[in-house]
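# Topology and contacts: notes
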Amino acid sequence: DSGPTVEDVDDDVVVDVTASEARSADGSERALGVVLGLLSLAWKLAISMGSWVAMKTTDTALLGHVGSTELAAASYSDLYTSASGVFISARVLGIFAGQALGANNPKLIGKWLQVSFVVLAVVAVPVLALWAATYPVLAAFGVGGDAGTDSGANATAADAERR
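None of the values given here were measured: they were computed from a predicted structure. Within each chain, residue numbers correspond to sequence positions counted from 1 in written order. It should be noted that, the model being predicted, local features are given only for residues of pLDDT at least 70 and side-chain atom pairs only at 80 or more, the latter also being counted only at that level, while totals for whole chains, interfaces and linings use all residues. In computing side-chain properties, one takes all heavy atoms of the structure into account and sets aside hydrogens as well as water.

### Description of the overall build of the protein
Here a strand is any run of E in DSSP of at least two residues, a helix any run of H or I of at least four, and the numbering for each starts at the N terminus. Tallying secondary structure elements over the protein gives 7 helices and 2 strands in all. In the protein, the succession of helices and strands from N to C terminus is β-β-α-α-α-α-α-α-α. Looking at the protein as a whole, 16% of its 163 residues qualify as buried. Two residues form a contact once any of their heavy atoms are found within 4.5 Å. The long-range fraction of contacts in the protein, counting pairs at least 24 apart against all pairs at least 6 apart in sequence, stands at 55%. Type-normalised accessible area, obtained with a 1.4 Å probe on protein chains alone, sets the label of each residue: buried when under 20%, exposed when over 50%, and partly exposed for intermediate values.

Dropping the structure here:
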């Protein structure tokens with residue numbers, strides 16, 4: 001289409017857009033493009049989360065064959081470390097870095113990464129202390145015996161594995 005053109009001069013950037021391209025940038029075609037872009041990201045996230053569920057299901061099934069005490073210990077440990085480990089997941093970094101990437105500002109991505117490192121280093125100290133105290137905390141909630149001892153050992157091993 002060689003229709004009339006619209007020139008938009010902003011600083012030293014000249015954008016030459018035909019009239020039909022200007023119309024297609026508005027309305028439903030633009031919304032469809034946004035929806036398709038989101039769906040292209042969503043399926044990757046769905047596979048990632050589904051893989052995590054499949055892995056945990058496999059762990060549970062295998063531990064169930066080992067014994068009920070081991071299954072209980074792993075379940076208590078997973079519950080406790082997941083509840084306290086949420087503070088060190090750093091998911092907000094992806095949000096801020098994504099915004100900086102969308103704004104084509106790589107220096108801001110680096111700044112957010114540095115801020116994230118500092119915040120995570122500060123927050124990780126009490127989380128690691130909580131993980132080290134898994135057995136006493138679970139014992140205070142009434143989890144005792146072999147399941148309590150094993151869950152404390154499991155959380156400490158999970159702590160060492162995550163580092």
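### Details of the layout of surface pockets
Over the atoms rolls a probe the size of a water molecule, and its path tells where empty space is left. Empty space within the second largest pocket amounts to approximately 200 Å³. A 1.4 Å probe that fits but cannot get out identifies a cavity on a 1 Å grid over protein atoms alone, an open set with protein on both sides within 12 Å along at least five of seven lines counts as a pocket, and a residue lines either if it has an atom within 4 Å of a point. Lining of the second largest pocket is provided by 13 residues; of these, Ala90, Val92, Leu93, Ser116 and Val119 occupy positions nearest its centre. Charged means Asp, Glu, Lys or Arg here, nonpolar means Ala, Val, Leu, Ile, Met, Phe, Trp, Tyr, Cys or Pro, and polar covers whatever is left, Gly included. Of the residues assigned to the lining of the second largest pocket, the class counts are 10 nonpolar, 2 polar and 1 charged. Grid points are joined across faces, edges and corners, and a volume is the space filled by probe spheres set on the points.

### Let's talk about the packing of helix α3 (residues 68-85) against helix α5 (residues 106-132)
Interaxial angle, 0 to 180 degrees, is taken between N-to-C directions of lines fitted to C-alpha atoms, where a helix line uses only the stretch in contact. At a minimum axis separation of 10 Å, α3 and α5 run at an interaxial angle of 170°. Considering the angle they form, α3 stands roughly antiparallel to α5. Between α3 and α5, the residues in contact are Tyr80, Thr81, Ser84 and Gly85 and Val127, Leu130 and Trp131, respectively. Class assignment for the residues of the contact of α3 with α5 results in 4 nonpolar, 3 polar and no charged. Working rule for angles: under 35 degrees goes down as roughly parallel, over 145 as roughly antiparallel, 65 to 115 as roughly perpendicular, anything else as oblique.

### Focus on the packing of aromatic side chains
Two rings from Phe, Tyr or Trp (for Trp, the six-membered ring) form a pair when their centres are within 6.5 Å of each other. A pair whose planes differ by under 30 degrees is stacked, one over 60 is edge-to-face, and the rest are tilted. Counting across every chain of the model gives 1 aromatic pair. Taking 4.3 Å as the distance between ring centres and 20° as the angle between the ring planes, the aromatic pair formed by Phe96 and Trp112 counts as stacked. Of this pair, Phe96 sits in helix α4 (residues 91-102) while Trp112 sits in helix α5, and the two are 16 residues apart along the sequence. Residue Phe96 is classed as partly exposed on the basis of its relative accessible area of 35%. When its relative accessible area of 28% is taken as the criterion, Trp112 is described as partly exposed.

### Considerations on the pattern of salt bridges
Note on pairing: side chains with opposite charge can pair once their charged atoms come close. Should a side-chain nitrogen of Lys or Arg be within 4 Å of a carboxyl oxygen of Asp or Glu, the pair is scored as a salt bridge. For the structure shown, the criterion picks out 1 salt bridge. When the shortest N-O distance is used, the salt bridge between Asp78 and Lys56 registers 2.8 Å. Within this pair, whereas Asp78 is found in helix α3, its partner Lys56 is found in helix α2 (residues 27-66), the two being separated by 22 residues in sequence.

### What to know about the environment of Ala61
Of note, Ala61 is situated in helix α2. Considered as a pair, Ala61 and Leu71 are 10 residues apart in the sequence and their alpha carbons are 8.8 Å apart.

### Some details on the nonpolar core
Side-chain atoms within 4.5 Å link the members of a nonpolar core, which is a set of buried Ala, Val, Leu, Ile, Met, Phe, Trp, Tyr and Cys residues. Counting 5 residues, the largest nonpolar core is built from Tyr80, Val127, Trp131, Leu138 and Val143. Every residue in contact with Tyr80, bar those within four places of it in the chain, is listed here: Leu130, Trp131, Ala133, Thr134, Val137 and Leu138.

### Thoughts on α5
A helix's residues, less one, multiplied by 1.5 Å, set its expected span. In this model α5 runs 38 Å from its N-terminal to its C-terminal C-alpha over 27 residues, within 8% of the 39 Å that 1.5 Å per residue would give. The reported bend at a residue is simply the angle between two axes, fitted to the 7 residues ending at it and to the 7 residues beginning with it. The sharpest bend along α5 comes to roughly 30°, located at Ala124, with the proline Pro126 sitting one to four residues further on. Those residues of α5 that sit buried are Ser116, Ala124, Val127 and Trp131.

### Section: the packing of α4 against α5
For the pair α4 and α5, the least separation of the axes is 8 Å and the interaxial angle reads 165°. By the criterion of interaxial angle, the relationship of α4 to α5 is roughly antiparallel. The interaxial crossing formed by α4 with α5 has right-handed handedness. Where α4 approaches α5, its residues Leu93, Phe96, Ala97, Ala100 and Leu101 are matched on the opposing element by Leu108, Ile109, Trp112, Leu113 and Ser116. Take the far helix as the reference: if the near one is turned anticlockwise from it by less than a right angle, the crossing is left-handed, and if turned clockwise, right-handed.

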